[in-house]
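This is what each chain is made of:
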Amino acid sequence: MSIRTAHEADLPALLALAVAFYEEDGFTTPEGDLSANLTTLITSPAARVAVSEEHGRIVAFAITTTSFGLESGLIAELEDLYVAPEARRRGEAGRLIEDSRGWAAELGCSLLEIVIAPNGNDVSHLFDFYGKRGFQDEGRRLLSRPLSRT
């Protein structure tokens, strides 16, 4: 399998994987929003959308974005990582994580972060999975406040 930067022509395949991912993990973001957000992310210089291909078919993706803050300066967040069920357990997630790490390091980011969202599911295996790949649980909690779109 090969990893490369996603292009706008990949949007239909990416969207199908994103919809499957969000359904599998219990996220409720509408498909139209996923499509619009993917379109923006693919063209954003502050984001990397990487895809993994097998025999010309996209079977996995990782989305990493950057932000800048007072505490850590430029950081990256691995926001989404998904491998289609038929392509799992072959190391693809690890390769995509390393791709995100490399992209973030190249930009000069001080950290690569990931948020684990349980959505009512047991996600203890994810703490182990990411811990084995160098991520540390700092005990921080993410609070969010929805804003109206006007």
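Everything quoted here is computed from the prediction, not taken from an experiment.

S.K.: Account for helix α3 (residues 92–107), naming residues and giving values.
M.R.: Under the 1.5 Å per step criterion, the end-to-end length of α3 is 23 Å for 16 residues, consistent within 8% with the ideal 22 Å. Taken together, the buried positions of α3 are Glu92, Ala93, Gly94, Leu96, Ile97, Asp99, Ser100, Trp103 and Ala104. Elements that come into contact with the buried residues of α3 comprise β1 (2–5), β2 (47–54), β3 (57–69), β4 (73–83), β5 (112–113) and α4 (124–131). A positive phi of about 90 degrees marks Gly108, the residue just after α3.

S.K.: Pulling in residues and values, what's your account of the pattern of salt bridges?
M.R.: In this structure the tally under the stated criterion is 11 salt bridges. With a shortest N-O distance of 3.1 Å, Glu53 and Arg4 are connected by a salt bridge. Here Glu53, found in strand β2, pairs with Arg4, found in strand β1; they are 49 residues apart in sequence, far enough to count as distant. A relative accessible area of 18% places Glu53 in the buried class. Between Arg57 and Glu86 there is a salt bridge, and its shortest N-O distance comes to 2.5 Å. Taken together, the positions of Arg57 in strand β3 and Glu86 in the loop between β4 and α3 put the pair 29 residues apart, joining distant regions of the chain. Note on Glu86: relative accessible area 41%, which makes it partly exposed. One network of salt bridges, in which partners are shared, links Arg4, Asp10 and Glu53.

S.K.: Please set out unusual backbone geometry residue by residue, giving values where relevant.
M.R.: One non-glycine residue with positive phi stands out, namely His55, at about 55 degrees. Examined against the element boundaries, His55 turns out to sit in the loop between β2 and β3. Positioned with a positive phi, Arg89 is a non-glycine residue whose angle comes to about 65 degrees. What makes Arg89 exposed here is its relative accessible area of 86%.

S.K.: Which residues make up the pairing of β3, and what values do they have?
M.R.: The side chains of a regular strand alternate, first on one face of the sheet and then on the other. Where β2 lies against β3, 8 bridges are found, and the strand directions are antiparallel. Each bridged residue has a counterpart across the sheet, and for Arg48 the counterpart in β3 is Thr64. Where β2 hands over to β3, the hairpin turn is made up of 2 residues, of which His55 adopts a positive phi near 55 degrees. In terms of strand pairing, β3 meets β4 through 10 bridges, oriented antiparallel. Pairing of Ala62 across the sheet is with Leu81, part of β4. The loop that links β3 with its antiparallel partner β4 comprises 3 residues.

S.K.: Any chance you could break down the sheet that holds β4 for me, citing the residues and the numbers?
M.R.: Taken in spatial order, the 5 strands make up an open sheet running β1-β2-β3-β4-β5, and their pairing is mixed. Of all strands in the sheet, those with a lone pairing partner are β1 and β5, marking the two edges. Running over the sheet, α3 touches β1, β2, β3, β4 and β5 and is turned about 35 degrees from β3.

Calculation criteria
- Residues numbered from 1 in each chain as written.
- Predicted model: local features only at pLDDT ≥ 70, side-chain atom pairs only at ≥ 80, totals over all residues.
- Heavy atoms only, no water.
- Helix = DSSP H or I, 4+ residues; strand = E, 2+ residues; numbered from the N terminus.
- Expected span 1.5 Å × (residues − 1).
- Buried < 20%, exposed > 50% of the residue type's maximum accessible area, 1.4 Å probe, protein only.
- Contact = heavy atoms within 4.5 Å.
- Salt bridge = Lys/Arg side-chain N within 4 Å of Asp/Glu carboxyl O.
- Pairing = 2+ DSSP bridges.
- Axes fitted to C-alpha atoms, helices over the stretch in contact; angles between N-to-C directions.

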